[in-house]
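Notes for the structure review
What follows is each chain in one-letter form.
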Amino acid sequence: MSIQRNAQDLFEYIAEVYSIDLPVIRDVLDYGDGRWWQAELVPSRFCKTKCFDDGSDTPLDQEDTGGAWLSVLKSACDPPPPLPESLLDWVQLSPNPSKRPSPKPKISKRHRFDEDPARLSLYDEYRKAWINWEKQREEQRPGVPELLEDWLDLSRGESNLPTPIQEQEREERFEDDENRPALLDAYLTAQWPLWADRTLPAYRSNELYDQLFSLHQRLSVEGDRWEILWGHLFLNWQHSPGQAIYHPLLLTPIFLEFNPEKRNITLTPSQPTKFDFECLRDLEYNYKDTLLSLARRINESEEPSNPWSHNTVRGLSATISGYLSSRAESETNLYSDKPVSKPSPSPIPTISNAPIIFVRERVRHFWIEDARKVAAAIAGGAQVPPFIHAAVSDPSKDKALSLAWSNPSRRSSRPSLDGNPDVEEEDSELYFPLLHNDQQKEIWERLRHQFGVLVQGPPGTGKSHTIANIICDQLARGKRILVTSQTENALRVLRGHIPAAIRSLCVSQLGNDTESKKQLHEAVTEIGQHLAEKGSQARQQWIQKLKENLRVIREEHACLQNQIRDWAKLDSEVILLGEEKLTAHQAAKECSVKQDRHSWLPDKLSPETTPPLNDHELRELCQALRDLNPEDRKSCLLPLPALESLPTPQKIRETLSDLRASKVLVDETEPLRRDWSEKLASASDSELIEAVAVLEAAITSLEPISEDWQRRILDLIVSEESLQRFWSKFISECSELREKAFRCFERIQGYQIDGLSLLSAETEWADALEELARVVVRGGNPGKLFTQLSLSKQAKTLFQTIVVDDKPLSTVERIDVVAFHFEYVSHIRKLETSGL
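Reading the values: rules and limits
- Residues numbered from 1 in each chain as written.
- Predicted model: local features only at pLDDT ≥ 70, side-chain atom pairs only at ≥ 80, totals over all residues.
- Heavy atoms only, no water.
- Helix = DSSP H or I, 4+ residues; strand = E, 2+ residues; numbered from the N terminus.
- Buried < 20%, exposed > 50% of the residue type's maximum accessible area, 1.4 Å probe, protein only.
- Contact = heavy atoms within 4.5 Å.
- Areas by Shrake-Rupley, 256 points an atom, 1.4 Å probe, with all protein chains shown as cover.
- Pairing = 2+ DSSP bridges.
- Salt bridge = Lys/Arg side-chain N within 4 Å of Asp/Glu carboxyl O.
- Expected span 1.5 Å × (residues − 1).
- Arc of directions from axis to C-beta.
- Phe/Tyr/Trp six-rings, centres within 6.5 Å; stacked < 30°, edge-to-face > 60°.
- Lys NZ or Arg CZ within 6 Å of the ring centre and 35° of its normal.
- pLDDT = per-residue confidence, 0-100.
- Axes fitted to C-alpha atoms, helices over the stretch in contact; angles between N-to-C directions.
- Parallel < 35°, antiparallel > 145°, perpendicular 65-115°, else oblique.
- Left-handed = near helix turned anticlockwise from the far one by under 90°.
- Nonpolar A, V, L, I, M, F, W, Y, C, P; charged D, E, K, R; others polar.
- Core = buried A, V, L, I, M, F, W, Y, C linked by side-chain atoms within 4.5 Å.
- Patch = residues over 30% accessible without salt bridge, like charges linked within 9 Å, V, L, I, M, F, W, Y side chains within 5 Å.

**Side note on the overall build of the chain**
On a plain count of helices and strands, the chain comes out with 28 helices and 18 strands. Relative to its full complement of 836 residues, the chain shows a buried share of 28%. In the chain, once contacts between residues fewer than 6 apart in sequence are set aside, the share between residues at least 24 apart is 64%. Within the structure as shown, the chain displays about 55400 Å² of accessible surface, and the carbon and sulfur contribution to it stands at 54%.

Below you can see the structure in the form of structure tokens.
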């Protein structure tokens, strides 16, 4: 079989393989979640989109996006305005300005009995009433107030005072407090809209930024499988049952660029805008051949379509809708200057201005078409390229191919860019500017004797690094290199590996964004500069300098190789220590594993350092090693103190003098200590120190005793043990009276009580106060005439004499204040009569 036939079969096979299970996506929504309608983007200073030519979609701040079609900036959003305190448990605020806050219909909260002062006061009154009823049993048992019905434990029986339930969970509805709905309505009317209107653009921008950031991470791992597209000229058509087209026809490949320093993500066109009728593949429609021919003609035009020109796209919309349907233009051509989103399904073909950004798997039909075109060209007699020839032929049978690669002198040589001949193929010098290993050298060797080499590996294994080295090597030999890739992002990564000195020679042939234009400009400038310096003396001197540097580096490399060889020879020698033989490796391992044993005399000697000890000195050192014990060896590792940190001679003399004085004092007190009890005489220093501390604390506590009566009490306690219990009880009772008086004093603070001086001090007024409290609790008013007729003389006297804050005793609160005052006076009198 001929080479032509083998090559044709190869490309037909490739086309058929890629045709297997090739899906047709007609609905843009079927690509997945990675899509954004341009009309739903909120323009702001954080999110800028490219302007249409008539300015209808101009960003708010009118700033240029710098060549990018979309620029998104991450920003900090202000938190929502704080809620009123009474709404905190009812309303959950969201950082999303478009999510209007709403209250919870009901919540369960744990309440404590003592958190309501009114409830506590009411229970105190109820308890007193119960105690009085229990003593007298003359009246009907007091009823439980309505406010306390759910808070009292009635399970103890009717004969026992009900006790309060300290804590319980109660369900509460939002409307139970009439103030809450009004507060929420005021918050949503006054504060929330202002914050939401101000924050919404930044929040929407941050949402879009987060989604694009996740997309960037996804593309960095599996970017070869996916592509980002910006679609215009949206076709919406229910072609037939089960065949609905919902897809843009103008597609622009997009490059996503992430700037971590500025927290900025931009979408920039990576290739020209093209017509794509893939969504109509395998369908029959009016003027199919005409539309496909129109799309091919526009795609092959030198000037690609501008999807941002309303006039251009509106004309294309009218033409395509006119070919697809015979209906009126107003029904099919729905293109408007203002972009829309999510067009409604239509039974007839309609075209709208609904730009959309979406992510999809890379389509394979282009490769299928290219493979079939190549197969047809080969069948028509086109020449098979050498690398295809090598792939489909048998080198052992193809003598011409074998002869060409076995005799390098027969290979054609092309001139370099500056007109000089290529570097000889026999030149085995490796021009790799980046670090390389043996595997990369093997790839280079194979490329010297073959048409190509296939290198496979997962991300991060150095493929781009290897390609950059090979490109530099071929450029150094005067070659021109064409690099192709499935994605433009891979080319950008590869360009970043090229050394900066020649990076400007790398130009993207397909990119039409600002970065590609910048690269082209740099390449033109750099090549022009090199041509201007062609044959100049400065260039020749620079070349000579590089050659001299290369010679020096080679000499250093040779020296390092010799040192490595010497070290390898040293490693194989045997060291004799007494009768024991060790290799250098064993000796090093011994010193490393048992470092704590052998590192008592540290050093920082390098392998090139001359030994500081001769043979005799080394033997003396080994003898000292045998004589010194391990503790002395460890002391050698201790650092010497700094000279300025040492004490002065005067300080040393003072310390020694203090030590001598302490020794004399110890000797003098030794006879006294022997006379003490046996336990104290045998006490340790720590026990004596602790006893001294206790004694000093006791002396300190007795220093405030200055009055004669205080000393007399202390003498009585010391002299007679029986009185000690008496005084202890006396002090305890006085302290208890003082605490009770202080609690009463706290309860009457803030109140002004008048008329106390008019009352008899010998009269007991507690019963009269209880009588007034019962009347008030039942709802009576002691100020009324009929009520006063039922009062006792003392109760009537109290009511007519005492006022609290200029008000009569008509409430339980004022009656309690007077009761606490009488109780306070009673405690004070008891304290006074108990004094010495």
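Picking up where we left off.
**Considerations on the pairing of strand β10 (residues 264–269)**
Regular strands have side chains that alternate between both faces of the sheet. Among the 6 residues that make up β10, 6 are buried, leaving the element largely enclosed by the rest of the structure. Side chains N264, T266 and T268 project from β10 onto one buried face, and the interleaved I265, L267 and P269 project onto a second face that is buried too. Looking at chain direction, strand β3 (residues 70–73) and β10 are connected through 4 bridges and run antiparallel. Across the sheet, the residue bridging to S71 is T266, located in β10. Sheet topology note: the strand β9 (residues 243–259)/β10 ladder contains 6 bridges and is antiparallel. Counted as the bridge partner of N259 is N264 from β10. The loop that links β9 with its antiparallel partner β10 comprises 4 residues; one of these, R263, has a positive phi angle of about 55°.

**Re the pattern of salt bridges**
All told, the structure shown has 30 salt bridges when counted by the stated rule. Among the ionic pairs, E278 bridges to R281, the shortest N-O distance being 2.7 Å. R281 gets classed as partly exposed once you look at its relative accessible area, which sits at 23%. Among the salt bridges present, the one from K663 reaches D667, with a minimum N-O distance of 3.0 Å. Here K663 and its partner D667 are both found in helix α20 (residues 649–675), 4 residues apart, which amounts to about one turn of the helix. A single network of salt bridges, built from pairs that share partners, joins R110, R112, D114, E167 and E169.

**A look at helix α6 (residues 310–324)**
The terminal C-alpha atoms of α6 lie 21 Å apart, and with 15 residues this matches the ideal 21 Å at 1.5 Å per residue to within 8%. Every buried residue belonging to α6 is among H310, V313, L316, S317, I320, S321 and L324, and all of these are buried. The buried residues of α6 all sit within an arc of 135° when viewed along its axis, so they share a single face.

**What about the packing of aromatic side chains?**
Here the structure, examined in full by the defined rule, presents 18 aromatic pairs. Note on Y209 and F213: the rings are 6.4 Å apart at their centroids and 15° apart in plane angle, and the pair reads as stacked. Within this pair, Y209 and its partner F213 are both found in helix α4 (residues 192–222), separated by 4 residues, close to a single helical turn. Since its relative accessible area comes to 5%, Y209 is described here as buried. An aromatic cluster is built from F52, W69, W230 and W308, whose rings are joined through pairwise contacts. One Lys or Arg, R119, reaches over the ring of W151 and ends 4.3 Å from the middle of that ring. Between R218 and the ring centre of W226, over which it is positioned, the NZ or CZ distance is 4.2 Å.

**Details of the environment of P343**
For P343, the location among the structural elements is in the loop between β12 (333–334) and β13 (350–352). Relative accessible area serves as the criterion here: at 11%, P343 is assigned to the buried category. With residues near it in sequence (within four places) discarded, P343 still touches W37, F234, N236, Y246, S352 and A354.

**Here we look at the confidence of the model for the chain**
Low pLDDT means the predicted atomic positions in that stretch should not be read closely. This prediction gives the chain a mean pLDDT of 81; 87% of its residues lie at or above 70. By mean pLDDT, helix α10 (residues 399–406) is the weakest element of the chain at 50, and β13 is the strongest at 95. This model gives residues 55–63 a pLDDT under 50, and the stretch forms 18 contacts once residues within four places in sequence are excluded. For the stretch residues 402–426, pLDDT sits under 50, and the model shows 35 contacts to residues farther than four places along the chain or on other chains.

**Digging into the environment of E746**
Locating E746 in the fold gives a position in helix α24 (residues 721–748). Exposure remark for E746: the relative accessible area of 47% places this residue in the partly exposed category. C-alpha separation for the pair E746 and F820, spaced 74 residues apart in sequence, amounts to 9.3 Å.

**A few points about the environment of W237**
Relative to the elements of secondary structure, W237 occurs in strand β8 (residues 226–240). A relative accessible area of 10% places W237 in the buried class. Taking C-alpha positions, W237 is 9.2 Å from H247, a pair spaced 10 residues apart along the chain. Excluding residues that lie within four positions of it along the chain, W237 makes contacts with Q243, A244, I245, Y285, L324, S346, P347, I348 and P349.

**Here we look at the side chain of E172**
Take E172: it is sitting in strand β7 (residues 167–173). The residues touching E172, leaving out its near neighbours within four places in the chain, are W90, P105, K106, I107, K109, H111 and R180.

**A short note on the packing of helix α12 (residues 463–476) against helix α13 (residues 488–497)**
At a minimum axis separation of 9 Å, α12 and α13 run at an interaxial angle of 60°. With respect to their mutual orientation, α12 and α13 come out oblique. For the pair α12 and α13, the crossing hand works out as right-handed. Residues S464, H465, I467, A468 and I471 of α12 form the contact with α13, whose participating residues are V493, L494 and H497. Split into classes, the residues belonging to the contact of α12 with α13 amount to 5 nonpolar, 3 polar and no charged.

**Points about the nonpolar core**
The biggest cluster of nonpolar side chains holds 44 residues, and the ones touching the most others in it are L70, L212 and F275. The element that contributes the greatest number of residues to this core is β8, accounting for 6 residues. Setting aside residues no more than four positions away along its own chain, L70 makes contact with L41, C47, K48, T49, L208, L212, W230, I265, T266, L267 and I357. Judged by nonpolar contacts, the second largest core, of 23 residues, contains C744, L759, W765 and V775.

**Let's talk about a nonpolar patch on the surface**
A contiguous nonpolar patch, built from Y13, V17 and I20 and spanning about 310 Å² of accessible area, is present on the exposed surface. With respect to the helices, strands and loops of the structure, I20 is situated in the loop between α1 (3–19) and β1 (35–37).

**Considering the packing of helix α3 (residues 179–190) against α4**
It is at 4 Å that the axes of α3 and α4 come closest, and there the two elements cross at 35°. Here Y187, L188, T189 and A190 of α3 lie close against α4, whose contacting residues are W192, P193 and L194.

**What to know about unusual backbone geometry**
In the Ramachandran plot, L233 falls in the positive-phi region, its phi being about 60° despite a non-glycine side chain. Relative to the helices and strands, L233 resides in strand β8. Of the residues examined, L233 reaches a relative accessible area of 1% and is grouped as buried.

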